[in-house]
Amino acid sequence: MLDRAIIPNANTVVVLDFETTGLSPDMGDRAIEIGAVRIEQGEITGRFQALMNPGRRISSFIEDYTGITNHMLKEAPLCADVMCEFADFIKDYNLVAHNASFDKRFLDAELHKISRDYTGEFACSMLVARRLYQNAPDHKLGTLIKHANIPSEGTFHRALYDSEMTTKLWVSMLDVMQEQYGITKAPFKLLQTLAKTPKNSVRRLLERS
DNA sequence: TGCCAGGCCCTCTTTAGGGCCTT
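For the structure given in this document, a descriptive report is provided here. Please read these numbers as outputs of a predicted model, since none were measured by experiment.

### Here we look at the sheet that holds strand 2 (residues 31–40)
Moving on, step 1. Taken in spatial order, the 5 strands of this open sheet run 3-2-1-4-5, and their pairing is mixed. Edge positions in the sheet fall to strand 3 (43–51) and strand 5 (122–124), since each has one partner strand and no second. With direction set aside, neighbouring strand axes in the sheet form an average angle of 25 degrees.
Moving on, step 2. As defined by bridge partners, strand 4 (residues 94–97) adjoins strand 5 across 3 bridges and the pair is classed as parallel. Within strand 5, the position partnered with Leu95 by the bridge is Phe122.
Moving on, step 3. Where helix 4 (residues 100–113) meets the sheet, its contacts fall on strand 1 (13–20), strand 2, strand 4 and strand 5, and the angle it forms with strand 1 comes to roughly 80 degrees.

In structure tokens:
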């Protein structure tokens, strides 16, 4: 068990990304792949990647969008089995995702189906990037990776690759906070606060932190 | 078979509407 009273820093988190059958678990959509990277004190200490069989065919749009095919999912373990393992992986780490409200909905829905839970809190790399990279052309993950000069050679829209890229984006934003504001060990709570701060108040928040 | 979301954020705002972001 992590002692969250001792390690509440933003550089000790699990960064995760779901590929899914659609946009809304409330409308019956399911997860089809989970990818995640665990970092502790900024160093990668674990990775998780698994396809999962949602129990029905996925649309051609999702096959094209993700490169994940119905044939691949037919051979994959069931969502319940994968999510049980994933619940063990995230333990009580704090969690990060790009547009976290999306991934949180699917994590909550899939864990609810197997009567599992988690204690970590979410922070959203997209909302933080909107504050720290206000001049980016847009705040899609791929655009931000280019904007932050982060090398990328893989294929976006696969869960592990997107979680790897989100991890690099997250670390780059912690670097920005260190270089521009002298914040060396940003508390996770500060990143959550930053994500909700009006854009014209970002400098004031970080200068007093 | 066909259809579907939701939180954030800006503005021509708050008794609203629409774009952004995720699959």
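More follows now that the structure is in view.
### Quick notes on the pairing of strand 1
Moving on, step 1. In terms of burial, strand 1 is a largely internal element, 8 of the 8 residues being buried.
Moving on, step 2. Neither face of strand 1 is left uncovered, since the one carrying Val13, Val15, Asp17 and Glu19 and the one carrying Val14, Leu16, Phe18 and Thr20 both have all their residues buried.
Moving on, step 3. Sheet topology places strand 1 next to strand 2; 8 bridges connect them, and they run antiparallel. Paired with Leu16 across the bridge in strand 2 is Ala36.
Moving on, step 4. Where strand 1 meets strand 4, 3 bridges bridge the pair, whose relative direction is parallel. Opposite Val15, over in strand 4, you have Val96 as the bridge partner.

### Some details on the protein's contact with DNA strand B
Moving on, step 1. Around DNA strand B, 29 residues are found, and the nearest of them are Glu19, Met27, Tyr65, Arg131 and His139.
Moving on, step 2. Atoms of DNA strand B within 4 Å of the protein belong to the sugar or the phosphate in 65% of instances, the rest to bases.
Moving on, step 3. Separating a sugar or linking oxygen of DNA strand B from a backbone N or O atom of Thr20 is a distance of 3.0 Å.
Moving on, step 4. Contacts to DNA strand B include Tyr65, whose side-chain N or O atom sits 3.1 Å from a phosphate oxygen.
Moving on, step 5. For the surface near DNA strand B, the secondary-structure elements that each account for two or more residues are strand 1, helix 1 (60–66), helix 4 and helix 5 (125–132).

### Details of the environment of Val15
Moving on, step 1. Within the secondary structure, Val15 is located in strand 1.
Moving on, step 2. Val15 sits in the buried class, given a relative accessible area of 0%.
Moving on, step 3. Sequence spacing of Val15 and Leu95 is 80 residues, and the spatial spacing of their C-alpha atoms is 5.8 Å.
Moving on, step 4. Those residues in contact with Val15 that lie beyond four places of it in its chain are Gly35, Ala36, Val37, Val96, Ser163, Thr166 and Thr167.

Each value, and the rule that gives it
- Residues numbered from 1 in each chain as written.
- Chains lettered and ligands numbered in written order.
- Predicted model: local features only at pLDDT ≥ 70, side-chain atom pairs only at ≥ 80, totals over all residues.
- Heavy atoms only, no water.
- Pairing = 2+ DSSP bridges.
- Helix = DSSP H or I, 4+ residues; strand = E, 2+ residues; numbered from the N terminus.
- Axes fitted to C-alpha atoms, helices over the stretch in contact; angles between N-to-C directions.
- Contact = heavy atoms within 4.5 Å.
- Buried < 20%, exposed > 50% of the residue type's maximum accessible area, 1.4 Å probe, protein only.
- Near = heavy atom within 4 Å.
- Polar contact = N/O pair within 3.5 Å; in protein donor to acceptor, adjacent residues only side chain to side chain.

All we've got here are geometric facts, nothing functional implied.
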